[in-house]
Amino acid sequence: MKTVDYFAKAVEVVSDVTGIDKDDIISKRRQKPLVDARCIIVMLMIRAGYYPNQIAEVMNISERWVQKIAETFRDRLRFHTGESFESNFEEASNKMRIN
């Protein structure tokens, strides 16, 4: 699947799972729920085999930011205890596998 098509599907799935509007997810705003949603998208794309430079291009972010998300993702999962971040990630992962 083309990078841009997978990205569009990931945004749609993450929007559905989190209840966050797609336009808000792809905006430059930095509220925690939006950043978390973008992190989920980055990890979905990495796990699907896309390279950081491909992800950076479609998300209009730096490749270094993509790498930082990948490096710190386990910490993000661990420190979001009691929140829905981990369950949102798992649900989005499952939906991306099904579709």
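Rules used in this analysis
Residues numbered from 1 in each chain as written. Predicted model: local features only at pLDDT ≥ 70, side-chain atom pairs only at ≥ 80, totals over all residues. Heavy atoms only, no water. Buried < 20%, exposed > 50% of the residue type's maximum accessible area, 1.4 Å probe, protein only. Phe/Tyr/Trp six-rings, centres within 6.5 Å; stacked < 30°, edge-to-face > 60°. Helix = DSSP H or I, 4+ residues; strand = E, 2+ residues; numbered from the N terminus. Lys NZ or Arg CZ within 6 Å of the ring centre and 35° of its normal. Salt bridge = Lys/Arg side-chain N within 4 Å of Asp/Glu carboxyl O. 1 Å grid on protein atoms, 1.4 Å probe; cavity = no way out; pocket = protein on both sides within 12 Å on 5 of 7 lines; lining within 4 Å. Points joined across faces, edges and corners; volume = space filled by probe spheres on them. Nonpolar A, V, L, I, M, F, W, Y, C, P; charged D, E, K, R; others polar.

Visitor: Explanation requested: unusual backbone geometry in the structure shown.
Guide: It is generally the case that most residues other than glycine have a negative phi and that most peptide bonds are trans. The residue N60 is not glycine, and still its phi comes out positive at about 60°. Judged by relative accessible area, which is 57%, N60 ranks as exposed.

Visitor: I tried to follow the packing of aromatic side chains on my own but got confused; where do I start?
Guide: A ring pair, where both rings are aromatic, is described by two values, the distance of the centres and the angle of the planes. Applying the stated criterion across every chain yields a total of three aromatic pairs. With centroids separated by 5.1 Å and ring planes inclined at 40°, the aromatic side chains of Y6 and Y50 adopt a geometry described as tilted. Placement of Y6 in helix 1 (residues 3–18) and of Y50 in the loop between helix 3 (32–47) and helix 4 (52–59) is noted, with a sequence separation of 44 residues between them. Where F73 meets F85, the ring centres are 5.7 Å apart and the plane angle is 55°; that geometry is what we call tilted. One end of the pair, F73, is in helix 5 (residues 63–79); the other, F85, is in helix 6 (residues 85–98), with twelve residues separating them in the sequence. Linked through ring pairs, F73, F85 and F89 together constitute an aromatic cluster. The lysine or arginine in question, R76, covers the ring of F85, its NZ or CZ lying 6.0 Å from the ring centre. Looking at R78, its charged tip hangs above the ring of F79, at a distance of 5.2 Å from the centre.

Visitor: What is the right way to read the pattern of salt bridges from this model?
Guide: Pairing of side chains with opposite charge becomes possible as their charged atoms draw close. Considering all chains together, one arrives at eight salt bridges under this definition. The partner of K95 in a salt bridge is D16, and the shortest N-O contact between them spans 2.4 Å. Of this pair, K95 sits in helix 6 while D16 is found in helix 1, placing the two residues 79 residues apart along the sequence. Taking the relative accessible area as the measure of exposure, D16 reaches 51% and is therefore exposed. A salt bridge links R78 to D75; its shortest N-O distance comes to 2.3 Å. Placement of the pair is R78 and D75 together in helix 5, with a separation of three residues, close to one helical turn.

Visitor: Looking at this structure, I do not really get the layout of surface pockets. What am I missing?
Guide: Left-over empty space is what a probe sized like a water molecule reveals as it rolls over the atoms. In this model, the largest pocket occupies a volume close to 280 Å³. Surrounding the largest pocket, 14 residues form its lining, S27, K28, R38, I61 and W65 being those nearest its centre. Sorting the residues of the lining of the largest pocket by element identifies helix 3 and helix 4 as the ones contributing at least two each. Of the residues that constitute the lining of the largest pocket, the class distribution is eight nonpolar, two polar and four charged.

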